[in-house]
Number of protein chains: 2
Amino acid sequence: MSNSVFMSRDEATQLASRLQEDSLIGVSLRKEKEALDAFLRQPRCVPGNGPGGGLEHEQHKANYTQLFNAGKFWLITGDTAYRDRVRDTLLDYARIYTTLPYAVPYSPNPPGRLFHQILNEHMWLVFASAGYSCIRDDIGAAERKAIEDGVFHPMVAMFSETYRHHFDIIHNHGIWAVAAVGMAGIALGHAPYVDMAVYGQCGDSLSGGFLAQLTKLLSPDGYYEEGPYYQRFAIQPIFLFAEALQRHRPELDIYQFRERIVLRALLAPLETCFPDGRLMPLNDANRAMSIRSLGFLVGASFAFMRYGHDERLFWLTEQLGAVWADTAGALLSDAWARRESRSAPPAGGSVEFRCGEHGDKGAFGILRMEEGARGAHIVSLNYGAHGLAEHGHFDGLTLACFNRGQEVLGDYGGVRWLNVEPKSGGCYVAENMSWAKQTIAHNTVTVDQRCQHDADGVRAHSDHGQAVYFGTEDADCQYMSGRVENYDPGVSMQRSVLLYRDAQFEAPLLIDLFWLSSETEHQYDYAFHYDGQWVRSDFPLQASAGAAPVLGPDNGYQHLWVVAKGDFAGESGVFGWLMGDSYYSLTTWAGSGAQAICARLGANDPQFNLRSEPAYIVRRRAARQLFASVLETHGKYDPAIELSRDPRGQVERIELIEDGPQASVLRVVTQRGNLLVFAGRGEVPAGTPVQTVVAGHVYQWSGGAAVQREH
Amino acid sequence: MSNSVFMSRDEATQLASRLQEDSLIGVSLRKEKEALDAFLRQPRCVPGNGPGGGLEHEQHKANYTQLFNAGKFWLITGDTAYRDRVRDTLLDYARIYTTLPYAVPYSPNPPGRLFHQILNEHMWLVFASAGYSCIRDDIGAAERKAIEDGVFHPMVAMFSETYRHHFDIIHNHGIWAVAAVGMAGIALGHAPYVDMAVYGQCGDSLSGGFLAQLTKLLSPDGYYEEGPYYQRFAIQPIFLFAEALQRHRPELDIYQFRERIVLRALLAPLETCFPDGRLMPLNDANRAMSIRSLGFLVGASFAFMRYGHDERLFWLTEQLGAVWADTAGALLSDAWARRESRSAPPAGGSVEFRCGEHGDKGAFGILRMEEGARGAHIVSLNYGAHGLAEHGHFDGLTLACFNRGQEVLGDYGGVRWLNVEPKSGGCYVAENMSWAKQTIAHNTVTVDQRCQHDADGVRAHSDHGQAVYFGTEDADCQYMSGRVENYDPGVSMQRSVLLYRDAQFEAPLLIDLFWLSSETEHQYDYAFHYDGQWVRSDFPLQASAGAAPVLGPDNGYQHLWVVAKGDFAGESGVFGWLMGDSYYSLTTWAGSGAQAICARLGANDPQFNLRSEPAYIVRRRAARQLFASVLETHGKYDPAIELSRDPRGQVERIELIEDGPQASVLRVVTQRGNLLVFAGRGEVPAGTPVQTVVAGHVYQWSGGAAVQREH
């Protein structure tokens, strides 16, 4: 049997016949071949190492990509130039690899000999192994030995021995590590490498290895603990290695493992993307990253071949405009050509993703509601797991809101200028810890200017939130609620979020209730990371005169300049802004004596790594505290035609009717009548009647939370 | 003869036959009629007055637009509902107009009874007069008298008597005023109004009136003194009134006046737009405003009918996707349907617009150079007139730069949230004077932290710059130069700007030389208003620790927070940033002891009217000073695919070879050889050989400025 990881000679012959087709597979093959041919017109180049985004880094990346493609096109076309290029390039690597010094590391990830972090060296080995496997039978024994002893074996030894401690970590880097070693094992016909990759160094499938990664990193719903940005990255080695194992270790039946977890790993992130395909930027995310990336391309084709038709795979294919250029992609391309209509996006509804291996570590909830031609309103709430010690943010109960095509209340993402070499070699920078991970950087409540779990990633990872209720039975009034305990010592927090629409409002209202309770008094900072231009407040805001002070000494506060402060005139306050073509008004009930702070990010940032963004914080000292807000989306702004419509919205204030141990009741006062908002504190099944009596008046509703018109 | 201002009964019959056509005229007519019919389904509403962008303001705007359309469609369709709506609405106005109190003014523009500024009331009269003229023959004499005595005559009296001082101002408001009164005169058959509108209140065609406006506001090149944003606005009444006069005072032959200045007023601003159609934001501009606005729609159709075919009118029509829905538009629509190919944009070349009535008040220069698929590089330099006392900025020798689809060095525009009612009623706000007009708000040099002309608009308007040279003979090395004297007392300034391309650089280089000379020492602040994220500098920048101080007490400096400061390590310094998908590196020679300041806008802004934007300032104290910069555009950034290419560029430093009274010679040191930059101080015709000898070495070039490779 050939060691070719992904393609038999028969499959190659089949693909050769598709190369000129005007189909997705034909186009995808030709695009790869054109890039490969252009690359082959350049002389071979195997440099030393350098920083992320630097010339050496980019050369090694291009090399492994084209080693992969050249191997494949050797099988498809039989053109010896492809075979020779793979052989000669690998001989170049073999000659120098063990002589290269380790690169300069820029992150906790250890350095390789080719790249500043071994993560990239894992990727090199994944793709180079696959490419090499296509030519291994077609070169001389001496060349084989030179290549394998010169680069493959030493590289595996580095991953599994030199960096033994890093091989079995449960982390996206760990998936790449096992995929790399496993695929090298398949390419070289060396079973022990494959065994180590599948079962871990201890061979127990628990402490490490592909099976352990698939078990521990993904919840039963397919939610990936590090968040969608890393899920996008992890599904690349997951699918590549799964397919390799299906072909070379079919007895594992890897695609059926853990009730088809590989498939769910692909489908789950489709629910966490915005309508433009960008993925929600949780944890250390790059905010621009979308489903238009390699992992989804690979995943769509392999999933189609191994699991059969699913409408979501067609939607993905439509977004990608391509298929993975091999047998799986050819099958998907053929089915795609026969499809009947344009695919609707998969993420139409609301969904609650359970977190943790057993689905018992809280959840990540997403509510969606449409606003006609202006598109989806999407709200997310994080009451689940931390997102691993390394990339997780200390953002329990953080809220995000997207509507009218823009992120209204956003997550900063990670602080990293990926592949921008002059910005710290493209690596995570100090402000990732000092700002992006801190609680104050998120749309949640910061207690006493500290960070949740005191910014201890290991402690946070061992903890998790709790799901309280999630109700989407009423399409016009959906709700979710979660709780976290002792993320700040001695403080309990619960947050309920509703999306509500009725004919009075042009857009759905976001309603938010955030309860805090403690035995002792604390300073609670309820933060909103919005963007845009201030329009109005119903209380006086005093702009900082002259110099802008910083908000605090540490825990992220040192990065915020105080632009203005003001005291709420009553128990609630309105703060309105303009973003893009839309107006937003946030009305917050906080009780008497609340203070508002307008801040801007960028203080104490010696390398100018942070973006300049505004924040709005409502601060109050209390032991027990409720913050309750309505975010109203309204009006339209188009400066090119001097149009401004409804810059104020309708909500005037919020009144508290009851804040009891079982539930809270609020009155939202608007220009055209009032709304009553009910939100329970405990788990209440949908449809269950609930009532509370306040000053003799009986309030009745059903389920976890509800909104009614007050008559 | 009918008083119908724009349309005879015959023309109306013709247009009626086009209403169902699938042509630009058919679509344009139907779109207007649909909006009109929707409006007529609403009950009539003639409210009192309110702030800009408020409900009353918007209602009066909708009323005058639909008075205009209803009159027109009465003639076209003969549907009496249209006639009656015009009549009844005007009777509503007539009943209340003189009883309404004056509105609350928000600006120096005096208030009307319908609007917060009479400018809008002028617009009301322009459109309402035209609409009324269509029905005047078809209503009863008593109704005629009620309408004319109730609203038209009193309104004209307000414009020409109550606000007599404002009627003849040479200003876009003045054009609206004369168009309004003139069109009312035509509609009412009242010749004295027309005479006053054409010849001014003194009847001399000099101190006021349409002829004086056309003479004094436009340079012989058609450049409008207030800048493109106001030109867009002014061409609306210019064309409407010109066409009305052509029809009702044909003996004036207004379209031929001043060598077809009306046509040139339309074509000139097409040269001042970016490739996406947005107009360069000079002076108090709204930065979003583009050629997709009413004045260009009206102008394209009337210009086509009165001046005949011009390819630029087709380009405009393509951008607008519509024609003005009348006879002129029908002619343009027919020609458009017969055109052979898609129109190329008109603004392909470099152009120097002379300023002032006689073209002798300096100039506004624009250089353009293409960068293949990444589009046009556009650089502008202002060495002309001030832009009138009211809307002009104190920005002599300001530079702007657009490339790769974005404004790289931009102009802030005006500070005004137009029609955003909660933002000061949509009017200009205090920060327009305290920031936007100030010299430091612009890409020029501020002397001693003062404002040019000490921010005295009248003084600035009486002054102007001087054109020195403008050379575009060599398509790969274009240049322009201008001078201003005593904008700051005792200081002479000259600035030469080049666009240069050769195969070494992926994009054209912008080369800038700014000479200052004075008898005494001054502080010179050479400012760049860029946008984006800092990438690198070749000198240490110290971020402000903690609080961010303000840069100065007044003249705009009070609005800038100091984010960082640093001293150039040598005589030149590099400052690089990332904007959108492109990198920019600015290398500046300033001599020894220069200081760099990184600032951010937003300090001392109590109503949060300013946008948060960064600035980079190179400061040096001297009597005689040269600042010389190269702005290199390079690389590519696409975070969605983790791509970062060439974030550093090639220019390493600039060396001064000679700064003499006739010319300066600089060496631009790059990674791949050096460039020599020559820039003369005086007027040198293209092709004229020039030489200078420095330390025995003879440097030779020709023309005003040049770039050579150093061998």
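Model, not experiment: these values are computed from the prediction.

## As for the relation of the copies chain A and chain B
At step 1: Overlaying chain A with chain B gives an RMSD of 0.1 Å, the required rotation being 180 degrees about an axis along which the chain moves by 0.0 Å. Such values leave the two copies arranged in the relation of a two-fold axis. Minimal C-alpha distance to the rotation axis in chain A is attained by A548 of chain A, lying at 2.5 Å.

## As for the interface of chain A and chain B
At step 1: Every contact between the two is made by 49 residues of chain A and, on the other side, 50 residues of chain B.
At step 2: Together chain A and chain B conceal approximately 4000 Å² of surface at their shared face, both sides included; 59% is due to carbon and sulfur atoms.
At step 3: Counting the contacts that link chain A with chain B gives four salt bridges.
At step 4: Note that R232 of chain A is salt-bridged to E642 of chain B, the shortest N-O span being 3.9 Å.
At step 5: Our count for the contact surface shared by chain A and chain B stands at 21 residue pairs in polar contact (both at pLDDT 80 or more).
At step 6: Of all elements in the fold, only α11 (228–248), β12 (533–537) and β14 (560–567) of chain A reach the threshold of two or more residues within the side of chain A that touches chain B.
At step 7: Classifying every residue of the side of chain A that touches chain B by side-chain character gives 29 nonpolar, 11 polar and nine charged.

## Points about helix α14 (residues 311–320) of chain A
Residues and elements named next belong to chain A.
At step 1: Counting buried positions along α14 gives seven out of 10 residues, so the element sits mostly inside the fold.
At step 2: Among the residues of α14, L313, F314, W315, L316, T317, E318 and L320 are the ones counted as buried.
At step 3: Contact partners of the buried residues in α14: α2 (24–40), α12 (257–267), α13 (294–307) and α15 (327–338).
At step 4: Two or three places before R312, at the start of α14, stands the capping residue D310, its side-chain oxygen 2.8 Å from that residue's backbone nitrogen.
At step 5: Positive backbone phi, at 65 degrees, marks G321, one or two positions downstream of α14.

## Let's talk about the environment of A543 of chain B
At step 1: Within the secondary structure layout, A543 of chain B lies in strand β13 (residues 542–543).
At step 2: Sequence-distant contacts of A543 of chain B, that is, excluding residues within four places in its chain, are made with D605, P606 and F608 of chain A together with V563 and A564 of chain B.

## Here's the deal with the side chain of E121 of chain A
All names here are of chain A.
At step 1: Position of E121 relative to the elements: it lies in helix α5 (residues 118–135).
At step 2: Salt bridges are absent for the buried E121, whose nearest opposite-charge side chain, R113, sits at 6.1 Å.
At step 3: Residues within four places of E121 in sequence aside, it is in contact with Y97, G112, R113, L114, F115, M155, M158 and F159.

## So, unusual backbone geometry
All names here are of chain B.
At step 1: Its identity is not glycine, yet N283 carries a phi of approximately 55 degrees, on the positive side.
At step 2: Here N283 is to be found in the loop between α12 (257–267) and α13 (294–307).
At step 3: For N283, a relative accessible area of 5% translates into the label buried.
At step 4: The backbone phi angle of N604 is positive, close to 50 degrees, even though this residue is not glycine.
At step 5: As for its position among the elements, N604 is in the loop between β17 (595–601) and β18 (614–622).
At step 6: Judged by its relative accessible area of 26%, N604 is partly exposed.

## Thoughts on the packing of aromatic side chains
Aromatic ring pairs are described here by two measures, namely the spacing of the ring centres and the angle between the planes.
Residues and elements named next belong to chain B.
At step 1: Here the structure, examined in full by the defined rule, presents 72 aromatic pairs over all chains.
At step 2: Ring geometry for F304 against F314: centres 6.4 Å apart, planes inclined by 20 degrees, an arrangement best described as stacked. Of this pair, F304 sits in helix α13 while F314 sits in helix α14 (residues 311–320), and the two are 10 residues apart along the sequence. When sorted by exposure, F304 lands in the same class as F314, which is buried.

## A closer look at the sheet that holds strand β19 (residues 625–634) of chain A
By definition, the strands of a sheet pair up through backbone hydrogen bonds, in either a parallel or an antiparallel sense.
Residue and element names in this part refer to chain A.
At step 1: Strand order across the open sheet formed by eight strands is β7-β8-β9-β10-β19-β16-β15-β12, with antiparallel pairing between neighbours. Of all strands in the sheet, those bounded by a partner on one side alone are β7 (466–471) and β12. For this sheet, the mean inter-axis angle between neighbouring strands, taken without regard to orientation, is 15 degrees.
At step 2: The pairing of strand β15 (residues 572–579) with strand β16 (residues 582–589) spans eight bridges and is antiparallel.

## What about the nonpolar core?
At step 1: Ranked by internal contacts, the top residues of the largest apolar core, which has 125 residues, are W124, F152, F210 and F239 of chain B.
At step 2: When sequence neighbours within four positions are dropped, the list of residues in contact with F210 of chain B reads I175, V178, A197, V198, P237, I238, F241, A242, L245 and I254 of chain B.
At step 3: Counting residues in hydrophobic clusters, the runner-up holds 124 residues, among them V46, Y224, I261 and L270 of chain A.

## Looking at the pairing of strand β26 (residues 697–702) of chain A
Residue and element names in this part refer to chain A.
At step 1: Bridge count between strand β25 (residues 689–694) and β26: six bridges; the pairing is antiparallel. Bridge pairing in β26 links T692 to Y699.
At step 2: Linking two consecutive strands that pair antiparallel, namely β25 and β26, is a turn of two residues; a positive phi of about 50 degrees is found at A695 within it.

What counts, and at which threshold
- Residues numbered from 1 in each chain as written.
- Chains lettered and ligands numbered in written order.
- Predicted model: local features only at pLDDT ≥ 70, side-chain atom pairs only at ≥ 80, totals over all residues.
- Heavy atoms only, no water.
- Least-squares fit on C-alpha atoms with pLDDT ≥ 70 in both.
- Contact = heavy atoms within 4.5 Å.
- Buried area = accessible area lost by both parts, 1.4 Å probe.
- Salt bridge = Lys/Arg side-chain N within 4 Å of Asp/Glu carboxyl O.
- Polar contact = N/O pair within 3.5 Å; in protein donor to acceptor, adjacent residues only side chain to side chain.
- Helix = DSSP H or I, 4+ residues; strand = E, 2+ residues; numbered from the N terminus.
- Nonpolar A, V, L, I, M, F, W, Y, C, P; charged D, E, K, R; others polar.
- Buried < 20%, exposed > 50% of the residue type's maximum accessible area, 1.4 Å probe, protein only.
- Lys, Arg positive; Asp, Glu negative; His and termini not counted.
- Phe/Tyr/Trp six-rings, centres within 6.5 Å; stacked < 30°, edge-to-face > 60°.
- Pairing = 2+ DSSP bridges.
- Axes fitted to C-alpha atoms, helices over the stretch in contact; angles between N-to-C directions.
- Core = buried A, V, L, I, M, F, W, Y, C linked by side-chain atoms within 4.5 Å.

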